[in-house]
Amino acid sequence: MAKTISELMSSPARTVGPDATLRAASRIMRDNNVGDVVVTREDGSLMGILTDRDIVVRCLAAGGDPDAMTAGATCSEHVATVPPQCRVSEAVDMMRSKAVRRLPVVDKDDLVGIISIGDLAQAVDEHSALADISSAQANR
């Protein structure tokens, strides 16, 4: 079993700038079969995380226009992160305490990847229902 996040994380994380439209961000998610993009500033620093759920709840359900609304205006800005040397158990505890499903992996100030609850489920118990769901082919 993997012991550190660096062994499990997806790298590189998919990113967009804060001025990217939600439609552009959603296409990146679709094309890469991911449920999130990390929003980064021009200098590459982490601004926030934008999920498929954020787009639905904060834009579409509210009557917003995904061609006009931006990732920077829609993303969650207070993002918990973990370093690549973080132990798997610590990441699980962080997700539980922060009630999040994804954690950007940051080395010093550099975004180096992302870890999801599905990645952790597969590492901790590859036979769990969540691991099975996480490893299944995407619906197209």
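Everything here concerns the structure above.
Predicted model, so just to flag it, every value in this text is computed and none were measured. (Residues numbered from 1 in each chain as written. Predicted model: local features only at pLDDT ≥ 70, side-chain atom pairs only at ≥ 80, totals over all residues. Heavy atoms only, no water.)

A. Local environment of the packing of helix α1 (residues 22–32) against helix α2 (residues 52–60). It is the contact of α1 with α2, at a shortest axis distance of 10 Å, that shows an interaxial angle of 150 degrees. Of the possible angle classes, the one that applies to α1 and α2 is roughly antiparallel. Judged by the sense of rotation from one axis to the other, the crossing of α1 with α2 is left-handed. Facing α1, whose interface residues are Leu22, Ser26 and Met29, α2 presents Asp52, Ile55 and Cys59. Its residues assigned to classes, the contact of α1 with α2 comprises four nonpolar, one polar and one charged. (Axes fitted to C-alpha atoms, helices over the stretch in contact; angles between N-to-C directions. Helix = DSSP H or I, 4+ residues; strand = E, 2+ residues; numbered from the N terminus. Parallel < 35°, antiparallel > 145°, perpendicular 65-115°, else oblique. Left-handed = near helix turned anticlockwise from the far one by under 90°. Contact = heavy atoms within 4.5 Å. Nonpolar A, V, L, I, M, F, W, Y, C, P; charged D, E, K, R; others polar.)

B. Region of interest: the pattern of salt bridges. Throughout the structure, instances matching the rule amount to six salt bridges. When the shortest N-O distance is used, the salt bridge between Glu90 and Arg87 registers 3.8 Å. For Glu90, a relative accessible area of 35% translates into the label partly exposed. (Salt bridge = Lys/Arg side-chain N within 4 Å of Asp/Glu carboxyl O. Buried < 20%, exposed > 50% of the residue type's maximum accessible area, 1.4 Å probe, protein only.)

C. Representation of the pairing of strand β4 (residues 102–107) in the model. Here six bridges tie β4 to strand β5 (residues 110–116), and the two strands are oriented antiparallel to one another. Each residue of the ladder has a partner; that of Arg102, found in β5, is Ser116. Connecting the antiparallel pair β4 and β5 is a turn made up of two residues, with Lys108 showing a positive phi of about 60 degrees. (Pairing = 2+ DSSP bridges.)

D. Representation of the sheet that holds strand β2 (residues 36–40). The strand order across the open sheet formed by three strands is β1-β2-β3, and the pairing between neighbours is mixed. Of all the strands in the sheet, the pair left with one neighbour each is β1 (15–16) and β3 (46–51). Note that β1 and β2 share two bridges and pair parallel. The residue bridging Thr15 from the neighbouring strand is Val38, located in β2.

E. The arrangement of the side chain of Thr74 in detail. Here Thr74 is to be found in helix α3 (residues 71–74). A distance of 2.8 Å separates a polar atom in the side chain of Thr74 from the backbone oxygen of Thr70. Not counting residues within four places of it along the chain, the set of residues in contact with Thr74 comprises Leu22, Leu50, Asp54, Arg58 and Met69. (Polar contact = N/O pair within 3.5 Å; in protein donor to acceptor, adjacent residues only side chain to side chain.)

F. View of the environment of Ala121. The residue Ala121 is located in helix α5 (residues 117–124) in this model. Taking the C-alpha atoms as reference points, Ala121 and Val92, 29 residues apart in sequence, are found 9.1 Å from one another.

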